[in-house]
Every structure is written in structure tokens, then in C-alpha cells.
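Coordinate analysis (summary)
Each chain is listed here by its residues.
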Amino acid sequence: ASSDIPNFPEFVFVGMVDGVQMVHYDSNIQKVVPEQDWMKQTDAEFWEKERENLFYSQQSFKAEVATL
């Protein structure tokens, strides 16, 4: 997470398995980007649900940081 850095996302999520990046999400693009070819074959409904989950996490994290 970051704050007040121009052109840098406030929130970034990177999913990794065994040291290999699988997915990426950030608050600037607000979508989940599959990083492996085999993951790109997953249907759009799955990625939309993941996007919603990560957007919720982004909002929740932002509120928690504000509270701190």
C-alpha cells in the first residue's frame, strides 16, 4: 500500500505460487490481470468475481490504514 505518490497505485495485490507470479491487481487499473497463459483461459465471470473481492479488500485496507 502507498499514499500520495503520483502515478503509483495505493493498493497492489500480487498472487504467487512457488515464487511464480500468477495474478496482479492494482488500484489504478482496478482489474485482475492473469500473468500465466493457462490462467488466461479462465472465464470472465471468475475474473470479475476476483476483481470484486480485491476491490473490497482495497477499500477495507484503506479504511484500516485511516483508522491507524
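Residues numbered from 1 in each chain as written. Predicted model: local features only at pLDDT ≥ 70, side-chain atom pairs only at ≥ 80, totals over all residues. Heavy atoms only, no water.

**What about the UniProt feature "domain: MHC class I-like antigen recognition-like" (unreviewed entry) in the protein chain?**
UniProt feature "domain: MHC class I-like antigen recognition-like" (unreviewed entry): in the numbering of this structure it lies at residues 7-68. Strand forms 26% of residues 7-68 and helix 39%; the C-alpha atoms that close the span are 24 Å apart. (UniProt positions renumbered as here; feature names shortened; annotations may be inferred. Helix = DSSP H or I, 4+ residues; strand = E, 2+ residues; numbered from the N terminus.)

**Considerations on the pairing of strand S2 (residues 20-26)**
Of all 7 residues in S2, 5 are buried; the element is thus mostly enclosed. Bridge count for strand S1 (residues 12-17) against S2 is 6 bridges, and the pairing is antiparallel. Directly across from Val12, in S2, lies its bridge partner Asp26. Here S1 folds back onto S2, and the loop between the two strands holds 2 residues, one of which, Asp18, carries a positive phi near 50°. In this structure, S2 lies alongside strand S3 (residues 32-34), joined through 3 bridges in antiparallel fashion. (Buried < 20%, exposed > 50% of the residue type's maximum accessible area, 1.4 Å probe, protein only. Pairing = 2+ DSSP bridges.)

**Considerations on the side chain of Asp26**
Positionally, Asp26 belongs in strand S2. In this structure, Asp26 is buried with no salt-bridge partner, the nearest side chain bearing the opposite charge being Lys31 at 10 Å. From its side chain, Asp26 meets the backbone nitrogen of Asn28 in a polar contact 2.8 Å long. At 2.9 Å, the side chain of Asp26 forms a polar contact with the backbone nitrogen of Ile29. Beyond its immediate stretch of four places on either side in the chain, Asp26 contacts Pro9, Phe11, Val12 and Lys31. (Lys, Arg positive; Asp, Glu negative; His and termini not counted. Salt bridge = Lys/Arg side-chain N within 4 Å of Asp/Glu carboxyl O. Polar contact = N/O pair within 3.5 Å; in protein donor to acceptor, adjacent residues only side chain to side chain. Contact = heavy atoms within 4.5 Å.)

**So, the pattern of salt bridges**
Within the structure shown, the criterion is met by 3 salt bridges. Residue Lys62 pairs with Glu10 through a salt bridge whose shortest N-O separation is 3.5 Å. One end of the pair, Lys62, is in helix H1 (residues 44-67); the other, Glu10, is in the segment before S1, and 52 residues separate them in sequence. Assessed through its relative accessible area of 45%, Lys62 is described here as partly exposed. Two residues, Asp37 and Lys40, come together in a salt bridge whose shortest N-O distance is 3.6 Å. The exposure class of Asp37 is exposed, given its relative accessible area of 58%.

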